[in-house]
Amino acid sequence: MSFLEVKNLHKSFGSTQVLKGIDLSLQKGEVVSIIGSSGSGKTTLLRCLNFLELADDGSILVKGEEIFDAKKKYADRELRKNRLHFGLVFQSFNLFPQYTALSNVRLPLDIQTKERLTRARKEMIKSAAASDPSAPAKVSLSARFKAWVEGNKAFAAKKKQAVEENAAKAESILRDVGLGEKMNNYPCELSGGQCQRVAIARALALEPEILCFDEPTSALDPELTGEVLRVIRSLKSPDRAMVIVTHEMQFAAEISDKVVFMADGVIEEAGSPQQIFRAPESEKLKAFLRNYAENR
């Protein structure tokens, strides 16, 4: 059983068909790099995996469980839950400029904490009020008020503890990506490479099972590319899978267990790095690699 399985994924924007039936699978711990020319559908595939776009047809399974089927309708809450399987690092960082590095990493943790505690508070208030022995048939106003007060006290205490835990976790992740001394800096005070490392730390915060990168070095100067690629290499782990859309062919060859070449909305060829880069079969792939070599 594949850890991630994508079946017959299609996506169109108006009359433009971008994905034309994508089938892709990978195992836990595996790194898959996706290469191809601009417009081949690479970014759209990542956005569909992360539910930033909803595919028009096809399905997505994680650990054998179907988390998306284009034929079904999903509530926003269900999509948010299923999105937690994935983490996405954008090519343009997408950091909030008004927040420090630490706050940018904490934000998804704090949002998740608020949603979790809000649901728990509602359930506790409902349970406490319903169990009031003085009103077996109808919950009294006093019982509801008492439950509300108790629920809010418990909520405040748990929220304070969770906020402290989130801050400690965010600090730890930032140290792991080499930004221990930049936690209180704003994005405008960081280099492009440092901003991308903050974005990587933010994606890691919710501990996704599948970490996705969309051209993580395309917005960086050449001298900053190396530091980001080193961080990505360090994230390879048997505990997670990684999907990397990249134009760095050497990097893809070194880090990948599998390389996928996309062209015109389909997977034109896929295989090991050795096969893709040393013995390509598709004429389109041969032309792509030849063009890449000529323009380096």
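Each remark here, short or long, concerns the structure printed above.
Residues numbered from 1 in each chain as written. Predicted model: local features only at pLDDT ≥ 70, side-chain atom pairs only at ≥ 80, totals over all residues. Heavy atoms only, no water.

**Q** Please provide a residue-by-residue account of the packing of helix α5 (residues 192-205) against helix α6 (residues 222-234), values included.
**A** Put simply, α5 and α6 touch, their axes get as near as 8 Å, and they point 20° apart. The angle between the axes of α5 and α6 places the two elements in the roughly parallel class. You can see that α5 and α6 cross each other, and the crossing is right-handed. For the pair formed by α5 and α6, the contact residues are Gly192, Gly193, Gln194, Gln196, Arg197 and Ile200 on the first element and Leu224, Glu227, Val228, Val231 and Ile232 on the second. The residue makeup of the contact of α5 with α6, split by class, is 5 nonpolar, 4 polar and 2 charged. (Axes fitted to C-alpha atoms, helices over the stretch in contact; angles between N-to-C directions. Helix = DSSP H or I, 4+ residues; strand = E, 2+ residues; numbered from the N terminus. Parallel < 35°, antiparallel > 145°, perpendicular 65-115°, else oblique. Left-handed = near helix turned anticlockwise from the far one by under 90°. Contact = heavy atoms within 4.5 Å. Nonpolar A, V, L, I, M, F, W, Y, C, P; charged D, E, K, R; others polar.)

**Q** Run through the pattern of salt bridges, naming residues and quoting values.
**A** The tally for this structure, following the rule as stated, stands at 13 salt bridges. Linking lysine 11 and aspartate 56 is a salt bridge whose minimum nitrogen-to-oxygen distance equals 3.9 Å. Of this pair, lysine 11 sits in strand β1 (residues 4-13) while aspartate 56 sits in the loop between α1 (42-49) and β4 (57-62), and the two are 45 residues apart along the sequence. Relative accessible area serves as the criterion here: at 9%, lysine 11 is assigned to the buried category. Ionic pairing is found between glutamate 209 and lysine 63, a salt bridge with its closest N-O pair at 2.7 Å. In this pair, glutamate 209 is assigned in the loop between α5 and β7 (210-214) and lysine 63 in the loop between β4 and β5 (65-69), connecting sequence segments 146 residues apart. Glutamate 209 sits in the buried class, given a relative accessible area of 19%. (Salt bridge = Lys/Arg side-chain N within 4 Å of Asp/Glu carboxyl O. Buried < 20%, exposed > 50% of the residue type's maximum accessible area, 1.4 Å probe, protein only.)

**Q** Residue-level account of the sheet that holds strand β6 (residues 86-89), with values.
**A** The strand order across the open sheet built from 6 strands is β6-β7-β8-β3-β9-β10, with neighbouring strands paired in mixed fashion. The open sheet has two edge strands with one neighbour each: β6 and β10 (266-271). Sheet twist, expressed as the average angle between the axes of neighbouring strands with direction ignored, equals 20°. Pairing of strand β9 (residues 258-263) with β10 involves 5 bridges; the strand directions are antiparallel. Of the residues in β10, the one forming a bridge with valine 260 is alanine 270. Here α1 sits on the sheet in contact with β3 (31-35), β6, β7, β8 (241-245) and β9, set at roughly 145° to β7. (Pairing = 2+ DSSP bridges.)

**Q** Report on a positive patch on the surface, specifying residues and quantitative values.
**A** On the surface, Arg77, Lys81, Arg116, Arg119, Lys122 and Lys158 cluster together to form a positively charged patch. Elements that contribute at least two residues to the positive patch include exactly α2 (76-83) and α3 (101-130). Here the element with the most residues in the positive patch is α3; it accounts for 3 residues. Residue position: arginine 116 is located in helix α3. (Patch = residues over 30% accessible without salt bridge, like charges linked within 9 Å, V, L, I, M, F, W, Y side chains within 5 Å. Areas by Shrake-Rupley, 256 points an atom, 1.4 Å probe, with all protein chains shown as cover. Lys, Arg positive; Asp, Glu negative; His and termini not counted. Charge placed at Lys NZ, Arg CZ, Asp CG, Glu CD.)

**Q** Lay out the packing of aromatic side chains in plain terms, naming residues and giving numbers.
**A** Under the defined criterion, the tally for this structure stands at 4 aromatic pairs. Between phenylalanine 51 and phenylalanine 68, the ring centres sit 5.7 Å apart and the planes meet at 45°, which makes this aromatic pair tilted. Taken as a pair, phenylalanine 51 in the loop between α1 and β4 and phenylalanine 68 in strand β5 lie far apart in primary sequence, 17 residues in all. Like phenylalanine 68, phenylalanine 51 is buried. Each ring, one from phenylalanine 261 and one from phenylalanine 288, has its centre 5.4 Å from the other, and the planes form 40°; the classification is tilted. Separated by 27 residues along the polypeptide, phenylalanine 261 in strand β9 and phenylalanine 288 in helix α9 (residues 283-294) bring together distant segments of the chain. An identical accessibility class is assigned to phenylalanine 261 and phenylalanine 288; each is buried. Taken together, the ring pairs in this structure connect Phe51, Phe68 and Tyr74 into an aromatic cluster. For lysine 11, the ring lying beneath its charged end belongs to phenylalanine 13, and the centroid distance is 5.2 Å. (Phe/Tyr/Trp six-rings, centres within 6.5 Å; stacked < 30°, edge-to-face > 60°. Lys NZ or Arg CZ within 6 Å of the ring centre and 35° of its normal.)

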